[in-house]
Amino acid sequence: MAPSHALRCCKRALNWIPVLFINLVVGWSYYAYVVELCVYTIPNNAERISYLVVFHVFFTMFVWAYWKTICSTPASPSKAFGLPRAEKELYEREEQAERQQEILKKVARNLPVYTRTAGGGLIGLMCTFLSLWETPGAQSNLTWFHRDVAIRYCDICQVVKPDRCHHCSTCEMCVLKMDHHCPWVNNCVGFSNYKFFVLFLAYASLYCVVICATVIQYFIKFWTKQLPDTHAKFHILFLFFVAAMFFISILSLLSYHLWLVGKNRTTIEAFRAPVFANGPDKSGFSLGFGRNVAEVFGDEAKYWMFPVVSNLGDGHSFVTRLVHIDREQANCVLQQNGKSHADGVGTSPCVLSNNIQHTVDDSKETIDGGQRVSVTVEIEP
């Protein structure tokens, strides 16, 4: 136990090396710009002051967004997604995967969960697909194969995974609407900090642009020997190269994530489409560009530019492209049996069925012994 604990501590310490590297680069860039450029190189006071004001505006927003991304604790599933004691004991005693799935389906029936996972793991998935493809009547078998899906359950955290939730092996927890684990912030990027991460990329790009745009004239003068060789020459030349290099790399990453925001996808979903009742659908959570952006940045534009919490929802339930669930009813499910995701206050039980298929169906689901839940269907061209 002791060696294992020591190794985990060493691993956690090593995970901070990329963050330390970024902070050292940013700290040096601040010194090179403020001291070497503005204090020792720029002769004009008006130019010096204007450069310092613009620089500090973008520097402040960049550092603010960066550290908000680092310090935001990843959101994890509430206790409502854990198995009740009786079902948990049955699940642990059961050895057959089919029976375990029956237990999970019974629990998930009253949770706002719509996505599934193909059973058997990746290897089993590939083998099943290949075997079906080589057999006669493969098309009908593949249709069955798409419907033969399993409830997403984390054996480590022992919770039914909410839609878009995944387990991070580095953070050792399930993360709501997980996008990816970023080593440069030593944190999982997900529901709680995805807006901060996108703003961090945006302000990092603008920070590099401001440096390149204001340093380039002095870069040229040093390069062409119009200015004498001083201790500032190395800092200014290197500052321009570093800022330009980081801008190119960050801009490509920012463009990709802005595209993901517009499509309402995570990085995981872009590579592996979420599986609904009738099969995988990469656009399953897309509600149109405007609503997709609002889900990440909020519905009040005045908060979009600031790294403050303004995203919509609670991370546990999401409106899908063809099946719209009432968030109040979803929250009611999370609070049933006294399992509140917010304050732990129990409310009267209510039921929300998750048996609604991800297809066009102008109908209403009626739950035995429960209330009637209306489903609104939206057809996109």
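Residues numbered from 1 in each chain as written. Predicted model: local features only at pLDDT ≥ 70, side-chain atom pairs only at ≥ 80, totals over all residues. Heavy atoms only, no water.

**Brief notes about the overall build of the chain**
Worth spelling out the cut-off: Numbered from the N terminus, helices here are DSSP runs of H or I no shorter than four residues, and strands are runs of E no shorter than two. Burial classes follow relative accessibility: with a 1.4 Å probe on protein chains only, a residue under 20% of its type's maximum area counts as buried, one over 50% as exposed, and anything between as partly exposed. The criterion used for residue contact is that any of the two residues' heavy atoms lie within 4.5 Å.
Helix and strand content of the chain: 12 helices and 12 strands. Evaluated residue by residue, the chain yields a buried proportion of 45% over its 381 residues. For the chain, the share of sequence-separated contacts (at least 6 apart) that also reach a separation of at least 24 residues comes to 64%.

**Side note on helix 9 (residues 231–263)**
Stated precisely, the cut-off is as follows: Expected span, for any helix, means 1.5 Å times one less than how many residues it has.
For helix 9, which comprises 33 residues, the first-to-last C-alpha distance of 49 Å matches the rise-based estimate of 48 Å (1.5 Å per residue) to within 8%. One or two steps after helix 9, the chain reaches Asn264, where phi turns positive at roughly 55°.

**Re the pattern of salt bridges**
Applicable threshold: Salt bridges are defined as contacts in which a side-chain nitrogen from Lys or Arg sits within 4 Å of a carboxyl oxygen from Asp or Glu.
The full count for this structure, using the stated rule, is eight salt bridges. For Lys233, the salt bridge identified is with Asp229, shortest N-O distance 3.0 Å. Within the structure, one salt-bridge network assembled from shared partners comprises Arg164, Lys177, Glu269 and Glu295.

**Here we look at the UniProt feature "transmembrane region" (unreviewed entry) in the chain**
Stated formally: UniProt positions are given in the numbering used here, feature names are shortened, and annotations may be inferred rather than shown by experiment.
Using the residue numbers shown here, the UniProt feature "transmembrane region" (unreviewed entry) corresponds to residues 20–43, 49–67, 196–220 and 232–259. End-to-end, the C-alpha atoms of residues 20–43 are 34 Å apart, and along that stretch the chain is 83% helix and 0% strand. Between the end C-alpha atoms of residues 196–220 there is a gap of 35 Å, over a span that is 100% helix and 0% strand.

**Things to note about the confidence of the model for the chain**
Convention followed: Per-residue confidence from the prediction method is given by pLDDT, with values spanning 0 to 100.
Averaged over the chain, the pLDDT score is 81; the fraction of residues at 70 or greater is 75%. No element of the chain has a lower mean pLDDT than strand 12 (residues 372–374), which averages 35, and none a higher one than helix 3 (residues 45–71), which averages 97. Across residues 120–147, where pLDDT falls below 50, the model places 20 contacts with residues more than four positions away in sequence or in other chains. Confidence drops under pLDDT 50 across residues 336–381; counting only partners more than four residues distant or on other chains, this segment forms 96 contacts.

**Quick look at the packing of aromatic side chains**
Rules: In this scheme Phe, Tyr and Trp rings, the latter by its six-membered ring, pair at centre separations within 6.5 Å, and the angle between planes marks the pair as stacked below 30 degrees, edge-to-face above 60, and tilted otherwise. Remark: a charge is flagged as sitting over a ring if the NZ atom of Lys or the CZ atom of Arg is within 6 Å of the ring centre and within 35 degrees of the ring normal.
Applying the stated rule across the entire model yields 25 aromatic pairs. Ring plane angle 75° and centroid distance 6.0 Å describe the contact between Tyr66 and Trp67, whose orientation is recorded as edge-to-face. Since its relative accessible area comes to 35%, Trp67 is described here as partly exposed. Arranged with centres 4.9 Å apart and planes meeting at 40°, the rings of Tyr66 and Phe200 form a pair that is tilted. With Tyr66 in helix 3 and Phe200 in helix 8 (residues 194–223), the pair connects residues that are 134 residues apart, well separated along the chain. Among the residues examined, Tyr66 registers a relative accessible area of 3% and is labelled buried. Aromatic ring contacts, followed pair by pair, group Tyr30, Tyr33, Phe55, Phe59, Phe62, Tyr66, Trp67, Phe197, Phe200 and Tyr207 into a single cluster. Above the face of the Phe285 ring, Arg164 is positioned so that its terminal group lies 4.3 Å from the ring centre. Just above the ring of Phe318 sits the side chain of Arg164; from NZ or CZ to the centre is 5.1 Å.

**Topic: the nonpolar core**
This is how the line gets drawn: Among the buried residues, those of types Ala, Val, Leu, Ile, Met, Phe, Trp, Tyr and Cys that are joined through side-chain atoms within 4.5 Å form a nonpolar core.
By size, the foremost hydrophobic cluster in this structure holds 50 residues, and its most contacted members are Tyr33, Tyr194, Phe200, Ile211 and Val215. Every element with two or more residues in this core is listed here: helix 2 (17–39), helix 3, helix 8, helix 9 and helix 11 (289–297). The element that contributes the greatest number of residues to this core is helix 8, accounting for 16 residues. What Ile211 contacts, discounting residues up to four positions off in sequence, is Tyr33, Phe55, Leu239 and Ala243.

**A look at the environment of Asp229**
So the rule is basically this: Two N or O atoms count as a polar contact when they lie within 3.5 Å, although within protein this holds only if one can serve as hydrogen donor and the other as acceptor, and sequence-adjacent residues are included solely when both atoms are side-chain atoms.
Summarising the element assignment, Asp229 is placed in the loop between helix 8 and helix 9. A polar contact of 3.0 Å, which involves the side chain of Asp229, links it to the side chain of Lys233.

**What to know about the state of the cysteines**
Among covalent bonds in proteins, the disulfide is the one between the sulfur atoms of two cysteines. How we decide: To count as a disulfide, a pair of cysteine sulfur atoms needs to be within 2.5 Å.
Applying the stated criterion across every chain, the model contains zero disulfides. With no disulfide of its own, Cys168 has Cys188 as its nearest cysteine by sulfur position, at a separation of 3.2 Å. We classify Cys188 as buried; its relative accessible area is 1%.

**Topic: a nonpolar patch on the surface**
What counts is decided by this rule: Each patch is built from residues lacking any salt bridge and having more than 30% relative accessible area; the joining distance is 9 Å for like charges and 5 Å for nonpolar side chains (Val, Leu, Ile, Met, Phe, Trp, Tyr). The accessible surface values rely on the Shrake-Rupley method and a 1.4 Å probe; as for residues, cover is taken only from the protein chains in view.
Residues Trp64, Trp304, Met305 and Phe306 make up a contiguous nonpolar surface patch of roughly 380 Å² in combined accessible area. Considering the arrangement of structural elements, one finds Trp304 in the loop between helix 11 and helix 12 (327–334). On the basis of relative accessibility, which here comes to 30%, the residue Trp304 falls in the partly exposed class.

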